[in-house]
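Per-entry structural report
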Amino acid sequence: EISAPWTFHNLQELRHSASLANKVFLQRDYSDGTTCRFQTKFPSELESRIERPLFEDTVKRLNIYYAEAEKMGGQSYLEGCLACATAYLIFLCMETRYEKVLKKIGRYIQEQNEKIYAPRGLLITDPIERGMRVIEISIYEDRGSSGSCSGSSSTSGSSAR
Amino acid sequence: MKHCEYQQIDPQALSTPTPTLPPQHAVVQEEKKGETARRKWEDFPGKNRFYCDGRIIVAQQSGVLPLTLGLILVTTVLFFVFDCPFLLKHLTVFIPAIGGVLFVFVVISLLQTSFTDPGILPRATPDEAADIEKQIDNSGSSTYRPPPRTKEVMINQQVVKLKYCFTCKMFRPPRTSHCSLCDNCVERFDHHCPWVGNCVGKRNYRFFYTFIVSLSFLTVFIFGCVATHLALRAQGGRGLMFALQESPLVICFFSVWSILGLSGFHTYLVASNLTTNEDIKGSWSGKSGTEDTGNPYSYNNIITNCCSVLCGPMPPSLIDRRGFMPVEESSQTVATEIELAAKNEINVVGGPTPSQLPPCALQVPPSPIPLPFSLTAVALSNRSD
């Protein structure tokens with residue numbers, strides 16, 4: 001187990017009592033063309049913060065979700081043909097499959113942040129907020145002077161959402 | 001001792017990402033009333049224009065779009081007024097019906113091409129740009145220096161050069177190009193179409209293709225109907241000169257060739273999964289002399305190419321124009337604007353008295369510490385005198 005020089009945070013405390021130290025950017029992996037994939041290379045700045053398998057697991061799962069969103073198969077062709085037949089007006093009222101998967105990705109990232117990353121002082125930004133160019137991981141340092149985080153804060157993601 | 005006008009920070013308010021500025025920023029709100037909830041399109045860095053509160057996006061110059069719409073409308077209306085009654089009587093009722101359906105299709109796809117985000121890439125955030133600069137500096141230390149600001153990637157076992165965009169401060173993804181008219185990087189950039197008044201890119205290429213194909217059908221249809229009308233009338237003995245006053249025929253005659261040609265060209269592009277930009281530049285035609293240049297994005301199957309371009313999943317808009325500005329960014333913008341406002345608009349009616357505004361610039365911390373700390377810390381330090 002990695003020894004933790006930082007106190008455990010949940011998401012509220014992270015923003016409340018920690019200050020941003022650094023940001024790491026995971027760039028896109030274009031080896032497969034223009035489909036959305038991110039590099040799974042483990043950044044050196046995170047070596048002391050999070051276990052490598054956990055991190056790689058998150059990125060691989062995100063890649064799987066993006067591949068699912070952009071998958072060309074029966075359902076997407078059906079959606080495309082139906083849209084063409086209605087002069088694409090159907091996009092005004094229907095949520096596309098891509099958007100549905102993006103919402104799933106948003107929920108997944110939030111869950112990962114609450115369960116795994118915030119307790120380690122890290123925060124993942126949804127790539128859609130960065131134009132799908134990068135996965136931005138913010139590294140927070142504990143301020144140490146705030147009285148609320150005295151080491152006994154909850155590690156489970158009990159967010160007041 | 002001045003009266004402090006900020007409220008106690010509520011920790012619960014921090015947990016939920018509120019889209020608008022939380023009420024504790026009374027300091028900011030005092031000076032900038034009416035600017036609390038800004039949508040992202042209001043601060044969009046490109047040259048596009050927005051209507052309907054960000055729902056509609058067009059290029060800076062609407063170009064010839066009104067002319068395009070006008071021509072289509074005039075031709076079709078003249079067709080309906082002059083030719084349809086005759087053809088309805090002498091041929092079939094389907095003629096105006098088909099004409100009507102085609103016309104509706106054309107107009108809808110034209111408007112969608114014009115008003116849809118073509119696939120604009122938002123510019124890199126300052127942190128991202130700094131990170132990329134660092135990587136460029138680090139990588140330039142080897143003995144062979146590649147030309148500055150390009151990166152090579154392998155796509156389907158082929159080397160593709162990615163260029164760095166100085167305006168957007170990022171390496172452009174493959175097939176992305178920067179449109180100088182709109183001042184944006186657009187994904188899968190095809191071309192900037194003045195007839196449509198917008199760029200044609202990844203998100204609206206299918207609308208554009210539908211538009212030109214249905215327009216081809218419409219012009220050919222009108223051309224055919226009018227020619228039939230003339231032929232029938234000429235048989236009836238009326239003068240050909242009278243019939244040749246039919247302007248739908250004239251307009252259609254000149255436009256049908258160019259539109260048919262354009263449709264044919266774009267059908268070729270769709271079938272080989274190319275963009276106009278790549279075709280014109282000859283990116284994959286082997287001009288560079290190396291052997292294995294071919295289009296790395298093509299599936300080498302016409303049907304698959306067509307399906308992927310026209311029926312693929314519809315990617316979302318990346319610029320999120322109707323989203324609200326995030327709290328840190330908008331307050332940083334507002335904070336620097338306060339500095340300017342303090343110098344220029346001290347006499348604004350209803351604003352704070354000049355004595356309340358700090359004479360020197362508010363020091364906004366460079367790192368994006370969560371807002372309440374930065375702004376209230378600043379407010380405290382400026383007021384404790």
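Residues numbered from 1 in each chain as written. Chains lettered and ligands numbered in written order. Predicted model: local features only at pLDDT ≥ 70, side-chain atom pairs only at ≥ 80, totals over all residues. Heavy atoms only, no water.

Structural notes on the sheet that holds strand β4 (residues 150-155) of chain B
Residues and elements named next belong to chain B.
- Strand order in the open sheet made by the three strands is β4-β5-β6, with antiparallel pairing throughout. Two strands lie at the open edges of the sheet, namely β4 and β6 (170-171), each paired on one side alone.
- Examined bridge by bridge, β4 and strand β5 (residues 158-165) share six bridges and lie antiparallel to one another. The partner of Glu 152 across the bridge, within β5, is Lys 161. (Pairing = 2+ DSSP bridges. Helix = DSSP H or I, 4+ residues; strand = E, 2+ residues; numbered from the N terminus.)

Here's the deal with the sheet that holds strand β8 (residues 184-186) of chain B
Residues and elements named next belong to chain B.
- Read across the open sheet, the three strands follow the order β3-β8-β7; overall the sheet is antiparallel. In this open sheet, the two edge strands, each paired with only one partner strand, are β3 (120-121) and β7 (177-179).
- In this sheet, β8 lies alongside β3 in antiparallel orientation, the contact comprising two bridges. The partner of Ile 120 across the bridge, within β8, is Val 186.

Let's talk about the UniProt feature "domain: Golgin subfamily A member 7/ERF4" (unreviewed entry) in chain A
- Mapped onto the present numbering, the UniProt feature "domain: Golgin subfamily A member 7/ERF4" (unreviewed entry) falls on residues 24-136 of chain A.
- In this annotation, residues 24-136 of chain A is assigned 49% helix and 10% strand; the end-to-end C-alpha distance for the span is 6 Å. (UniProt positions renumbered as here; feature names shortened; annotations may be inferred.)

Regarding the interface of chain A and chain B
- Contacts between the two partners involve 39 residues from chain A, matched on the other side by 46 residues from chain B.
- Buried area between chain A and chain B, both sides added, is near 3700 Å², and the carbon and sulfur share of it is 65%.
- Taken together, the links from chain A to chain B amount to two salt bridges.
- Here Asp127(B) and Lys23(A) are joined by a salt bridge, their closest N and O atoms 2.8 Å apart.
- At the boundary of chain A and chain B, one finds six residue pairs in polar contact (both at pLDDT 80 or more).
- When residues of the side of chain A that touches chain B are traced back to their parent elements, those giving at least two are α1 (11-17), β1 (18-27), α3 (74-85), α5 (97-117) and β3 (134-142) of chain A.
- Broken down by element, the residue count for the side of chain A that touches chain B peaks at six residues, all from α3(A).
- Its residues placed into classes, the side of chain A that touches chain B shows 19 nonpolar, 10 polar and 10 charged. (Contact = heavy atoms within 4.5 Å. Buried area = accessible area lost by both parts, 1.4 Å probe. Salt bridge = Lys/Arg side-chain N within 4 Å of Asp/Glu carboxyl O. Polar contact = N/O pair within 3.5 Å; in protein donor to acceptor, adjacent residues only side chain to side chain. Nonpolar A, V, L, I, M, F, W, Y, C, P; charged D, E, K, R; others polar.)

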